[in-house]
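Commentary on secondary and tertiary structure
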Amino acid sequence: MAARAIRLDPRDNVAVVTADVRVGDLIDAGGIQVRATEPVPRGGKVALTAIPSGEPVVRYGEEIGLATQAIAPGQHVHTHNLGGRK
Amino acid sequence: MSGDFTFEGWRRPDGRIGIRNHCLVLPTVVCAAGVVREVGRRLPDVVVIEHPHGCGRAGPDIGLQLKTLAGIVENPNVGGAILVGLGCEPVSVGLLQAVLADNKKPLRGIVIQETGGSQKTADKVEAMAREMLTELAAMPRERGAAADLTVALECGGSDTFSGMTANPAVGKAVDRLVAMGGTAILSETTEMIGALGPLLRRAENAEVAASLKQIVDRQEEVTRQILGPLADRALAPGNVESGLSTIAEKSLGCITKGGSSPIREVLGYAQRPSKQGLVVMDTPGYDAESITGMAAAGAQAIIFTTGRGSPAGFPIAPVIKVSSNSEIYRAMADDIDIDAGQVLSGKTLDEVGEEILALLLRVARGENTKAEVNRQEVFAIAQTHQAL
């Protein structure tokens, strides 16, 4: 069974996982599925699409910051690759 | 439920209705804290507030302290109050009584330096409080409705789920309350940084939008001055551990507590709303200072969401605690009233919002919240300058 992630708005390019996810787990975010390429802890964000470096990370349908490096679908998105807009 | 959202409260001389009928013993200055603590030990039915204010500051902070303490006395949940001062402080009993000149509820004052010291003052305050408790117990009840309620909204110890479970569930309850004519105060300007866009879209008019932009821009500037390059991460360590990455992410989740109603007014700290519906108050993100400001503005109840498990209550207003996840609800069962983590296991936001509204009604009808049972009371007034 796929792990569950919650995507709040159709514009979001990340979703929040409701349980710890391991490498290789299939994650279902309300119809969009990605395979985890790294572990994502419960409550963490997983990228649903490719997000180029410098591009907005979107949650709640709003920008929550910019990718500080290129992020691939299935990667964990947190303070190591997401920064606030200066 | 909206057909019968009524409760038996206490009508105050200014027309507002309380859902509690507290006898408040309030020091005007930190130096009276020991006296009020002693009175609280002797009379557990009295509400005492210990605080570090009343002296050592100047200018705008003295004004904020006066306005806030006066607002707390005027809060409709307070039936009557006894002010206890030392005698040489700027926020004196006489000055606070002058600010409260139009207040018609039972109000007494006593000054330690004129009463023979701490023990004699405690004895006299105890006698005054016994008399006041008898007077308050005889006050008639009067029916109130949703339109008589002002509810403060707060989050403390947020986690990544706060913005998708507890906060939007509170937002659903607020939408219902506002539709019935009630008022809700959204605060914590620090937690609006990065969320200005969605807030401006909800401003009722251009004036409200301009005020929102002004308070959020100013708070962002202050945050940058204090934190420098870390400003974008103005998060507590617990926030980051739980999965929140940026202040904008936390803020966007935070403002969902306000629901979807138009924002009608922007209030200064401790300022009483002049409109019904959803209003915003300019407060720090620090929860103790934020809820104190909203209670001073007249909020009779506080709905407080938490992901990490805050136990905070407030001396004169019941605090309803809503957890963002079921683990913390179970781990802090003594402190949390409602588990919005059920949204993660299949309940809808509307269902949890309905639970919150139903509990608000029971609390207005007299049921104690867990924070009231625990007497977990925090109180702090927002300050703008250092102590002198």
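As the structure is a computational prediction, the values presented were derived from the model and not from experiment.

1. Some points on the domain arrangement of chain B
Residues and elements named next belong to chain B. Taken domain by domain, chain B consists of domain 1 (22–137) and domain 2 (144–374). Contacts between the two partners involve 13 residues from domain 1, matched on the other side by twelve residues from domain 2. Listed by contribution, the elements that provide at least two residues to the side of domain 1 that touches domain 2 are β3 (22–27) and α2 (60–74). Take the side of domain 1 that touches domain 2: its biggest share by element is five residues, from α2. Across the side of domain 1 that touches domain 2, the residue classes tally to seven nonpolar, five polar and one charged.

2. Remarks on the nonpolar core
By size, the foremost hydrophobic cluster in this structure holds 135 residues, and its most contacted members are V46 of chain A together with V25, A301, I302, I320 and I356 of chain B. For this core, the leading source of residues is helix α12 (residues 349–364) of chain B, giving eight residues. Two domains share this core, each providing at least three of its residues, namely domain 1 (22–137) and domain 2 (144–374) of chain B. Here I320 of chain B is in contact with A301, I302, I303, F304, D337, I338, I356, L359, L360, V363 and T369 of chain B, once residues within four sequence places are set aside.

3. Structural notes on the sheet that holds strand β12 (residues 301–306) of chain B
Residues and elements named next belong to chain B. Reading across from one edge, β10-β11-β9-β8-β12-β13-β14 is the order of the seven strands in this open sheet, with parallel pairing throughout. At either end of the open sheet lies a strand with only one pairing partner, and these are β10 (263–267) and β14 (338–339). In the sheet, β10 pairs with strand β11 (residues 277–281) via three bridges, with the strands oriented parallel. Looking at β11, one finds that V266 is bridged to V280. Running over the sheet, helix α7 (residues 206–227) touches β10 and β11 and is turned about 45° from β10.

4. Focus on the sheet that holds strand β9 (residues 82–83) of chain A
Here three strands make up an open sheet; going across it, the order is β6-β7-β9 (chain A) and the pairing antiparallel. One side of each edge strand has no neighbouring strand; the edge strands of this open sheet are β6 (56–59) and β9 of chain A. Inspection of the sheet shows strand β7 (residues 62–67) of chain A paired to β9 of chain A by two bridges, in the antiparallel sense. Looking across to β9 of chain A, one finds that L66 of chain A is bridged to G83 of chain A. Taken strand by strand, helix α9 (residues 247–254) of chain B contacts β6 and β7 of chain A, and its axis lies near 165° from that of β7 of chain A.

5. Thoughts on the packing of helix α1 (residues 33–42) of chain B against helix α4 (residues 118–137) of chain B
Residues and elements named next belong to chain B. Where α1 meets α4, the axes come as close as 9 Å, and the angle between the chain directions of the two elements is 45°. On the basis of their axis angle, the class for α1 and α4 is oblique. Of the two elements, α1 crosses α4, and the hand of that crossing is right-handed. On α4, the residues that touch G34, V35, E38, V39 and R42 of α1 are S118, T121, A122, V125, E126 and A129. Counted by class, the contact of α1 with α4 contains five nonpolar, three polar and three charged residues.

Cut-offs and rules
Residues numbered from 1 in each chain as written. Chains lettered and ligands numbered in written order. Predicted model: local features only at pLDDT ≥ 70, side-chain atom pairs only at ≥ 80, totals over all residues. Domains from an automatic or database assignment. Contact = placed C-beta atoms within 7 Å. Helix = DSSP H or I, 4+ residues; strand = E, 2+ residues; numbered from the N terminus. Nonpolar A, V, L, I, M, F, W, Y, C, P; charged D, E, K, R; others polar. Core = buried A, V, L, I, M, F, W, Y, C linked by C-beta atoms within 7 Å. Buried ≥ 20, exposed ≤ 12 C-beta atoms within 10 Å, placed from the backbone. Pairing = 2+ DSSP bridges. Axes fitted to C-alpha atoms, helices over the stretch in contact; angles between N-to-C directions. Parallel < 35°, antiparallel > 145°, perpendicular 65-115°, else oblique. Left-handed = near helix turned anticlockwise from the far one by under 90°.

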